[in-house]
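Here is what each chain is made of, one letter per residue.
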Amino acid sequence: MRAYLKRLPAELKELISLAGKVSRETRMPAYLVGGFLRDLLLKKRNFDLDICVEGNGIIFAEKLAKKLRSGIRVHERFGTATLILKGRLKVDVATTRKERYPCCASLPVVSEGSLIEDLMRRDFTINALAFGINQGQGQKLIDPFGGREDLAKGRIRVLHDLSFKDDPTRILRAIRFQQRFGFKIEPKTFLLLKEAIDSGLLYKVNVHRIRDELILMLKEDNPAKQIKALYSLAGLSFISPKLKPGKATYSLFKAIDKEIAWFNKNFPGRRHLDVWLIYLAGLLKPLGLAEIKKICRNLALRGGEEKRIAGFRQSGARIIVSLSKKGASPSRIFSLLEPLSYETIILLAAVSKNKYCRKHIADFLEIYNGMRLYVSGHDLHGLGILPGPVYQKIFAKVLAAKLNAKVSTYEDELALIRRLIQCPGTNALKKQ
Ligand code: CTP
């Protein structure tokens, strides 16, 4: 284990060592658990630390936050806390707990428990390992279910027969980890998973939890592989009976992969993309608008998310036709694309095979997007124009001229405005 820890980046080593100190000072045994530990053993980079504490996770987190001079968000009800750190590190601290599921697919009843009970409530053996971070405790790996061997052999295995019944979102998680790591679902686990699917448990889970797991699948490196595996094992009727992805969907996913890579490479300073939303809109593309809206509502997506997904279905085809015209003017391209989100624009680029359309999208992102005028309302006022809706009209005209390279400098813009207000229609707006 020491060799694994040694290889970690300095910031992680320091954080773990500080957490070890807090563990000693508070006399609360603390452990690295979950995905961080799994990825450490798989030699994969992970900056999301999960720390489990026997005692009081919140007090522990507060002391650690003080040492790190970081912010902290406490979730009193769950006995957990998240440290708010600058940079890429994320730390969640929890008190060890046990869970009891009153019935299938319901939320668990949680109460304090020992470390072993905490590991026992987890989904798969590879996620049910712990590592004591207090040097005084010997810093050893705690592996009650053979997780380390399963990691070495590439196996996804549940801890007990009721695992999928207790929490059917684990069906999606098993597929996600299987595809992410190229692991096999161990034969008995596979039977239990099929049994859970066949008995319709995915229809019984709270939709928010299905949505969260679906989003996680679409955020993976290869969402097409994820959806293919999910569809072949469980179908997608639990989202919509009309959802039947085929070759066209998977080749659209490939095109989306390329467009996202192009966008990230060429526009690193722009807003972070909601990539999952682009894939989800691609997945839903063959469906009618009403069905898409119904799915968005069933999954309880936010208004803005639904708007981006439905908006593509509603006007994507029309916009592509307009953008595919050779010689579309920059102001026309701007007016079509400026109101859209980057996610929608990327989807348009992925869907369209027309070279002009793709060139116009590239021009928009490279040149026109975010183009601003030098003149302001102050200048219009200085020219004697009364404030009102006419300001927007004038700005739109000057911007169109700028996009079409008819004006470039501040003086050009002012000269154009002077010409515009000479027109009989706008003259009356001048100050008396
Ligand atoms: N867990 C679980 N059952 C779930 C969700 C989570 O048992 N339905 C447990 C697992 O032990 C998991 C840990 O909670 O490792 C943390 O959950 P999460 O952060 O969702 O998963 P990670 O394993 O960290 O996965 P990822 O690498 O995708 O973040």
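Here the structure is a predicted model, which is why all the values come from computation and not from measurement.

A. The arrangement of the site of the ligand in detail. Among the 14 residues in the neighbourhood of the ligand, the closest are listed as R38, D123, D167, R176 and R180. Within the backbone of D123, an N or O atom sits 2.7 Å from an oxygen atom of the ligand. Contact with the protein chains covers 73% of the free accessible surface of the ligand, which is 570 Å². Taken together, the elements giving at least two residues each to the shell around the ligand come down to α3 (34-41) and α8 (169-181).

B. How the structure looks around the pairing of strand β5 (residues 90-95). Bridge analysis of strand β2 (residues 48-53) against β5 gives six bridges, and the strand direction is parallel. Its bridge partner being in β5, D48 is matched across the sheet by K90. Sheet topology note: the strand β4 (residues 80-84)/β5 ladder contains four bridges and is antiparallel. Residue pairing in the sheet places L83 in a bridge with V91 of β5. Between β4 and β5, which pair antiparallel and follow one another directly, the connecting turn spans five residues, one of which, G87, has a positive phi of 85°.

C. Here's a closer look at the environment of L162. On the secondary structure map, L162 appears in the loop between β10 (155-156) and α7 (163-166). L162 gets classed as partly exposed once you look at its relative accessible area, which sits at 46%. Through-space distance from the C-alpha of L162 to that of Y101 is 9.8 Å; in sequence the pair is 61 residues apart.

D. Structural detail: the environment of F47. Summarising the element assignment, F47 is placed in the loop between α3 and β2. As a C-alpha pair, F47 and L12 span 35 residues in sequence and 7.7 Å in three-dimensional space. Contact partners of F47, with chain neighbours within four places excluded, come to P9, E11, L12, R88, L89 and K90.

E. The arrangement of the side chain of R170 in detail. Turning to its location among the elements, R170 is positioned in helix α8. Here R170 falls in the buried class, since its relative accessible area comes to 5%. In contact with R170, other than residues within four places in its own chain, are Y101, R121, R122, D123, F124, S163 and F164.

Criteria and thresholds
- Residues numbered from 1 in each chain as written.
- Predicted model: local features only at pLDDT ≥ 70, side-chain atom pairs only at ≥ 80, totals over all residues.
- Heavy atoms only, no water.
- Near = heavy atom within 4 Å.
- Polar contact = N/O pair within 3.5 Å; in protein donor to acceptor, adjacent residues only side chain to side chain.
- Areas by Shrake-Rupley, 256 points an atom, 1.4 Å probe, with all protein chains shown as cover.
- Helix = DSSP H or I, 4+ residues; strand = E, 2+ residues; numbered from the N terminus.
- Pairing = 2+ DSSP bridges.
- Buried < 20%, exposed > 50% of the residue type's maximum accessible area, 1.4 Å probe, protein only.
- Contact = heavy atoms within 4.5 Å.

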